[in-house]
Amino acid sequence: MASTEPPSFRLINGEGLEAWMNETSGELGFLYQNLDEYFLIVMGLVIYFMQCGFAFLEAGAVRAKNTTNILLKNIMDSAIGGIVYWVCGFAFAFGNGSPFIGDSGFFLINVDTRDYAFVFFQFVFAATAATIVSGAMAERTEFLSYLIYSVAITGLVYPVVTHWAWSSTGWLANCCWWDEVSYQDFAGSGVVHCVGGAAGLAGAFFLGPRVGTTVEGRRVKIQYHTVPLMCLGGFILFFGFFAFNGGSQAAITGHGDGAIVGKAIINTVLSGSFAAISSMICIKIKEKRFSILACINGMLTGMVAICAGCNAVATWGAAIIGAVAGVTFFVWQELMMRVGIDDPLDAVAVHLGGGIWGVIAVTFFASDYGVLLNWNALAFKHLLWNFIGVVVIIAWTLVLSGLLFFALRRMGILRVSSVVEQQGLDISEHREPAYPSETFANHEMEQYFRHRFTQVWEDFHAKTNGALNMTDEASVDKIEPKTIDKIEPKAIEKVEPKAIEEP
């Protein structure tokens, strides 16, 4: 006869307890796995939003005539990256193979669907590495050549480095001659940012500086066109870095996972904050002003630098890493100016400069194996192995990127002509200006005044027999105001703006 006791009473008395526990443990296992996958998806979505931050920051930092071009390049980074990472990027990065490169999982064939959340998370990292380059090469790159490069970095350059450092079979992660030592780069100071920064350096070098960056033999900075867009992009990137670093734990259900995620995020806050302050101090000392772009890029450099050790250093270590990162940004920015490499966004200073410092800094400040806290042979082994790792990563990226950009330049498709560059890529490359004059309310009035001024100047020029030149200050000073016709307000009302043709 079946028992009439309630299930809870039977469990308390031990009846069916083992079966219930087995069933429950299985269900909890699926729940934990689903939570980890959900964690990766949510963190990946936030990191993907950083593409919007890069787009806005870059759009604000370039001139208005190149806004559409830089926005489209950021969109294409994502589109091309999504396809190429599916085709071969993930296979090269995490497929079974040699310590150098993976060789399985092309087109995600034989990849378990339960790993798709991890694939998505790694894709957004690859897209981040690719989009870093667009800032360093802004305002003078042929659109086709940029698309070719985007395929190369998401399909080969970045995935191979990922395999070295983060795959279970990679040589940086598992092939050190000291068994207890492996490459330490939790969230990609070297894997992501040094790759993007080194590629940007190669691209900017082979492109050469923009027209207008040299005046009378002096290097000058070209002014950005909209501060609000830059600031919005900067805040989006700050927000994204919390997921970029915190999400690199890749799980949330294991013992201590939540604590590591929280530690990574707090260290990111501190490092970025101290870097923003130190970079501002450097700019103030040198240029006697406070710069918003220097503040944004300084804070980003601090967040880049802490990527490698955000899970391993104490909060005071994050503060020091950030403070040094701000100075590192300033030094790299000045170095780029002095050697004549034009980087409109200071992408090389932020990502390569900050990334190198981050990979080295973790081996000094890590609580368990840092040189400063554990003055022993193991600590110095970690320092040496991380140094070897970042040098090889940069060399690999510079060689492959350099060969590609050199080939594109030899084919004549790397850089636009000076005429196209001066006209602006929005018009010449896309015929789609970001700020069409027709959209402004005063466009028709602007046409009228331009037309009227041209008529007045032509009449005045004829009366003076061409003796005066508007570009000559001495000549302009001689102009008698009474000679120039005045535009009557009533005359403006009588004019039909649509009937006026552009002079």
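The structure we're discussing is the one just above.
Since the structure is predicted, the reported quantities are computational estimates derived from the model, not experimental observations.

Basis of the calculations
- Residues numbered from 1 in each chain as written.
- Predicted model: local features only at pLDDT ≥ 70, side-chain atom pairs only at ≥ 80, totals over all residues.
- Heavy atoms only, no water.
- Helix = DSSP H or I, 4+ residues; strand = E, 2+ residues; numbered from the N terminus.
- Buried < 20%, exposed > 50% of the residue type's maximum accessible area, 1.4 Å probe, protein only.
- Contact = heavy atoms within 4.5 Å.
- Areas by Shrake-Rupley, 256 points an atom, 1.4 Å probe, with all protein chains shown as cover.
- Expected span 1.5 Å × (residues − 1).
- Polar contact = N/O pair within 3.5 Å; in protein donor to acceptor, adjacent residues only side chain to side chain.
- Phe/Tyr/Trp six-rings, centres within 6.5 Å; stacked < 30°, edge-to-face > 60°.
- Lys NZ or Arg CZ within 6 Å of the ring centre and 35° of its normal.

Chemist: In this structure, what is going on with the overall build of the protein? I would like to understand it.
Modeler: Of the regular secondary structure elements, the protein holds 19 helices and two strands. Each of the 503 residues in the protein was classed as buried or not, and the buried ones make up 49%. Across the protein, the fraction of contacts at a sequence separation of at least 24, relative to all contacts at a separation of at least 6, is 76%. Split by element, the accessible area of the protein, about 23,800 Å² in all, is 65% carbon and sulfur.

Chemist: Before we go on, may I ask you to explain helix α6 (residues 143-166) in this structure?
Modeler: Residues that lie three or four places apart on an α-helix share one face, since the helix turns once every 3.6 residues. Between its terminal C-alpha atoms α6 stretches 32 Å, which fits the 34 Å expected from 24 residues at 1.5 Å a residue. With respect to burial, α6 is a largely interior element, 18 of its 24 residues being buried.

Chemist: Could you clarify how one ought to interpret the side chain of arginine 210 in this entry?
Modeler: Here arginine 210 shows up in the loop between α8 (189-207) and β1 (214-215). For arginine 210, the side chain forms a polar contact with the side chain of aspartate 342, separated by 2.7 Å. With near-sequence residues (within four places) excluded, arginine 210 lies in contact with Arg63, Ala138, Glu139, Arg140, Ile222, Asp342, Pro344, Arg415 and Glu421.

Chemist: Would you explain the packing of aromatic side chains in this entry?
Modeler: Taken as a whole and assessed by the stated rule, the structure comprises 25 aromatic pairs. When the ring of tyrosine 85 is compared with that of phenylalanine 90, the centres are 6.3 Å apart and the planes differ by 70°; the resulting orientation is edge-to-face. For phenylalanine 90, a relative accessible area of 7% puts it in the buried group. When the centroid spacing of 5.6 Å and the interplanar angle of 85° are considered together, the rings of phenylalanine 92 and phenylalanine 106 count as edge-to-face. With phenylalanine 92 in helix α4 (residues 67-94) and phenylalanine 106 in the loop between α4 and α5 (116-136), this residue pair connects regions lying 14 residues apart in the sequence. Ring pairs connect the aromatic residues Phe100, Trp164, Trp171, Trp177, Trp178, Trp385 and Trp396, which therefore count as one cluster. Geometry around tyrosine 146 places lysine 73 over its ring, the cationic atom sitting 5.5 Å from the centre. Here the basic side chain of lysine 284 rests over the ring of phenylalanine 290, its NZ or CZ set 4.9 Å away from the ring centre.

Everything listed here is a matter of coordinates, which is why it stays silent on function.
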